[in-house]
Amino acid sequence: MSIADADLPEEIAWEGKWIVAKKRGKWEYASRARSIRAAVILAVEDGEILLVEQYRVPLGQRCLELPAGLIGDDDGGEDDDPLSAAKRELEEETGYTAAHWQDCGEFFSSPGMVSESFTLLKATGLTRVSEGGGTDSEDITVHRVKLAEFPRAIAEFRSQGIGIDTRMLLALGPHLLG
């Protein structure tokens, strides 16, 4: 089977510090600069899930998400890996640490538009060690939501004008498929 445009050369249309706009044949797409990827954390325990809410400039609004962070984005971070990034980001964003970690694999965010991937890591054995909230440049609100009430909670966030990240489908799945 021949895939149109697959063998054509990739062209860089524009490159910034964090994003690269590319073109291959008729396709236009974006990728992260320097092959940076993300670690996304599914922190669950006792029938509850940890979520973060923060303002996202591309959306122009606050968004409800799983805790996450970039891998190797800091100076000297070339040796960073998904697990160390996830541990750092979970504590920084939520104020929790986890005793147990499971690598759930690599996933692609929106493969028709971006080449970005993320590693999903499941965190359990949660212990609260600080308030969380992110770095000084972030304004993160931490939410601990009961999975049994997840569809209602998502509807409530949405009614308040909060964007809902597609990864919320992980927790909505059993309710949508049941």
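Look up a bit, the structure's there.
Remember, it's a predicted structure, so these values are computed and weren't measured experimentally. Throughout this description, residue numbers start from 1 for each chain and increase along the sequence as written. Totals for whole chains, interfaces and linings use every residue, but because this is a predicted model, local features are given only for residues with pLDDT of at least 70 and side-chain atom pairs only at 80 or more, for both listing and counting. No hydrogens and no water enter the side-chain calculation; it runs on all heavy atoms of the structure.

Looking at the side chain of H143
- Labels follow the DSSP assignment, with helices taken as runs of H or I lasting at least four residues and strands as runs of E lasting at least two, numbered in each case from the N terminus. Mapped onto the fold, H143 is located in strand β10 (residues 141-146).
- Polar contacts, as used here, are pairs of N or O atoms within 3.5 Å; protein pairs need one atom able to donate a hydrogen and one able to accept it. Residues neighboring in sequence count only if both atoms are side-chain atoms. Only 2.7 Å separates the side chain of H143 from the side chain of E53, close enough to count as a polar contact.
- Should any heavy atoms of two residues lie within 4.5 Å, those residues are counted as being in contact. If we skip the residues at most four places from it in the chain, H143 touches I49, L50, L51, E53, L64 and F157.

Structural notes on helix α2 (residues 150-159)
- For α2, the set of buried residues is F150, A153, I154 and F157. Taken down its axis, α2 places every buried residue within 100 degrees of arc, on the same side. Away from its buried face by more than 90 degrees, α2 exposes R152 and S159.
- At its buried positions, α2 is contacted by β5 (48-56), β6 (61-65), β10, β11 (163-164) and α3 (169-177).
- Remark: G161 follows α2 within two positions and exhibits a positive phi of approximately 85 degrees. For every residue, the accessible area obtained with a 1.4 Å probe (protein chains only) is divided by the maximum for its type, and the residue is called buried under 20%, exposed over 50%, and partly exposed between those limits. The reported arc concerns the directions from the helix axis to the C-beta atoms and nothing else.

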